[in-house]
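Residues per chain are reported as follows:
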Amino acid sequence: MKNLRSYIVPSVFAAFALSGCGNSDKTATAENPSLPLIAFAQANSQDPWRQVFDKDIKQEADKHSSEFSFTEQEAEDDPKKQIDEIETLMVKKPKVLLVSPVTEAAQKAIEDAHDAGAYVILLDRSIPGNKWDVYVGGDNYAIGKMAGEYMAKKLSGKGTVLMIRGIADAVPTKERGGGFMDALKAFPGITVIQGDDCGYQRAKAQTFMENFLQSKKPFDAVYAHNDEMAIGAYLAMSQANVPAKVIVGIDGCQKEVVQDIKDGKIAATFRYPQPGAPAVDIAADFLKGKKPSSNKVLLPTEMVTKETADKYLQEHPNLAD
Ligand code: FRU
């Protein structure tokens, strides 16, 4: 089945798949009906943050190979595709459904899955309402607020910030924007220009910035809702020979962005913690009858600047290339 990237966890099959022997398609669709199923609907598997996410979640699932089998579908950031995929996954009657929603449009499909009896864990992007069991991920509002406070300090309380937004109707976009704006309420000397939704994508942010520069509107800084878009904005500005500006991103999952911070191209990023491994552990606990004490498992962030970049690289050796 297209984009069905399920794999059977028992290690003999996993080893077979990883060694590259045989037809990996056969292994990819194999499942073990005698084990409970954990199904994962991923928003996309294309961008660097999600590539680390996918790797992590599979590694963690492998550790529980005798307890459950695991299957994943990814939606290429297409909300409709994700709804179809959730419905397809539910036909397999998973005990646990993990979802990293593309947007809030997944709400109904998620609620139906919950009504059908799946234990629902949301990863990284939440949805409104309460028909789900646990959210695991970063605190996007808090990260937005920290980014706003950092920006205000860098601009000494005065200037214009261009905000490059993620995906409209994705909760992190709203929370990263909202936290940032709330932090700036204490700094009336700072104005924010609401830029476009650039889908968390580097190329879209680069094109947006190229066009924005044509408008000749003055600005002093860029707040991008993720690092890919921060890098895209930087590339457009450097190609247009625009003098350096304060650029702040979010994710901290790539060596490239840390190098850009060391080189002074980007001022700071905020680590957006990977939810895959903790979510799998919560799913495994659930199968053993244990539930977390809160329905929000918030993972910690940290700020990365020129001063802390080397330490960050040492502490996080597995960043994406
Ligand atoms: C990846 C991503 C990350 C971002 C997160 C927000 O798809 O765009 O860059 O931090 O999703 O949900």
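Further up the page is the structure itself.
Worth saying up front: this structure is predicted, and the values here are computed from it rather than measured.

A few words now on the packing of helix α3 (residues 48–63) against helix α11 (residues 276–287). Following both chains from N to C, one finds α3 and α11 inclined at 30°, their axes separated by 7 Å at the closest point. The element α3 and its partner α11 pack so that their crossing is right-handed. Each of Phe53, Ile57, Glu60 and Ala61 in α3 lies in contact with α11, whose residues at this interface are Gly276, Ala277, Val280 and Asp281. The residue makeup of the contact of α3 with α11, split by class, is five nonpolar, one polar and two charged.

With burial as the criterion, each face of strand β3 (residues 96–99) is covered, one bearing Val96 and Leu98 and the other bearing Leu97 and Val99. Where strand β1 (residues 37–42) lies against β3, four bridges are found, and the strand directions are parallel. Within the sheet, the bridge partner assigned to Ala41 lies in β3 and is Val99. In this structure, β3 lies alongside strand β4 (residues 119–123), joined through four bridges in parallel fashion. Residue pairing for β4: Val96 is matched across the bridge by Tyr119.

Another aspect to go through is the packing of aromatic side chains. The final tally for this structure, using the stated rule, is eight aromatic pairs. Taken together, a centroid distance of 3.9 Å and an interplanar angle of 10° make the contact between Phe180 and Tyr223 stacked. With Phe180 in helix α7 (residues 171–184) and Tyr223 in strand β8 (residues 221–224), this residue pair connects regions lying 43 residues apart in the sequence. Residue class for Tyr223 comes out buried when judged on its relative accessible area of 0%. Geometry around Tyr272 places Arg176 over its ring, the cationic atom sitting 4.3 Å from the centre.

On to the sheet that holds strand β9 (residues 246–248), then. With parallel pairing, the four strands of this open sheet are ordered in space as β7-β6-β8-β9. Only two strands of the sheet have a single partner each, and these edge strands are β7 (190–197) and β9. Taken over all neighbouring pairs, the strand axes of this sheet differ in orientation by 20° on average, direction set aside. In the sheet, strand β6 (residues 159–165) pairs with β7 via six bridges, with the strands oriented parallel. Bridged to Val161 within β7 is Val192. Contacts from α7 reach β6, β7 and β8, with the element oriented near 170° to β7. Its contacts with the sheet place helix α8 (residues 202–214) against β6, β7 and β8, and it is angled at close to 140° to β6.

A separate point is α8. In this model α8 runs 19 Å from its N-terminal to its C-terminal C-alpha over 13 residues, within 8% of the 18 Å that 1.5 Å per residue would give. Of the positions making up α8, those classed as buried are Ala205, Gln206, Phe208, Met209, Phe212 and Leu213. Along α8, the residues classed as buried sweep out an arc of 165° about the axis, all on the same side. Across α8 from its buried face, at more than 90 degrees, point the exposed residues Ala203 and Gln214. On its buried face, α8 sits against β6, β7, β8 and α9 (227–239).

This part takes up the pattern of salt bridges. Should their charged atoms come close, side chains of opposite charge can pair. Across all of its chains, the model carries 19 salt bridges by this definition. For Glu72, the salt bridge is made with Lys58, and the minimal N-O distance between the two is 4.0 Å. Taken as a pair, Glu72 in strand β2 (residues 69–74) and Lys58 in helix α3 lie far apart in primary sequence, 14 residues in all. Classification of Glu72 by relative accessible area gives buried; the value is 0%. Residue Glu67 pairs with Lys288 through a salt bridge whose shortest N-O separation is 3.7 Å. A residue pair is termed long-range when its members are at least 10 positions apart, and Glu67 in the loop between α3 and β2 and Lys288 in the loop between α11 and β11 (296–299) qualify at 221 residues. Put simply, Arg50, Asp77, Asp124 and Arg125 are held in one network by salt bridges that share partners.

We now examine the nonpolar core. The biggest cluster of nonpolar side chains holds 60 residues, and the ones touching the most others in it are Leu98 and Ile121. For this core, the domains that each give at least three residues are domain 1 (7–137 + 273–300) and domain 2 (140–271). Excluding residues that lie within four positions of it along the chain, Leu98 makes contacts with Ile38, Ala39, Phe40, Ala41, Ile57, Phe70, Ile121, Leu123, Ala279 and Val280. Listed in part, the 31 residues of the second largest apolar core include Cys198, Val222, Tyr234 and Val258.

Parameters at a glance
- Residues numbered from 1 in each chain as written.
- Predicted model: local features only at pLDDT ≥ 70, side-chain atom pairs only at ≥ 80, totals over all residues.
- Heavy atoms only, no water.
- Axes fitted to C-alpha atoms, helices over the stretch in contact; angles between N-to-C directions.
- Helix = DSSP H or I, 4+ residues; strand = E, 2+ residues; numbered from the N terminus.
- Left-handed = near helix turned anticlockwise from the far one by under 90°.
- Contact = heavy atoms within 4.5 Å.
- Nonpolar A, V, L, I, M, F, W, Y, C, P; charged D, E, K, R; others polar.
- Buried < 20%, exposed > 50% of the residue type's maximum accessible area, 1.4 Å probe, protein only.
- Pairing = 2+ DSSP bridges.
- Phe/Tyr/Trp six-rings, centres within 6.5 Å; stacked < 30°, edge-to-face > 60°.
- Lys NZ or Arg CZ within 6 Å of the ring centre and 35° of its normal.
- Expected span 1.5 Å × (residues − 1).
- Arc of directions from axis to C-beta.
- Salt bridge = Lys/Arg side-chain N within 4 Å of Asp/Glu carboxyl O.
- Core = buried A, V, L, I, M, F, W, Y, C linked by side-chain atoms within 4.5 Å.
- Domains from an automatic or database assignment.

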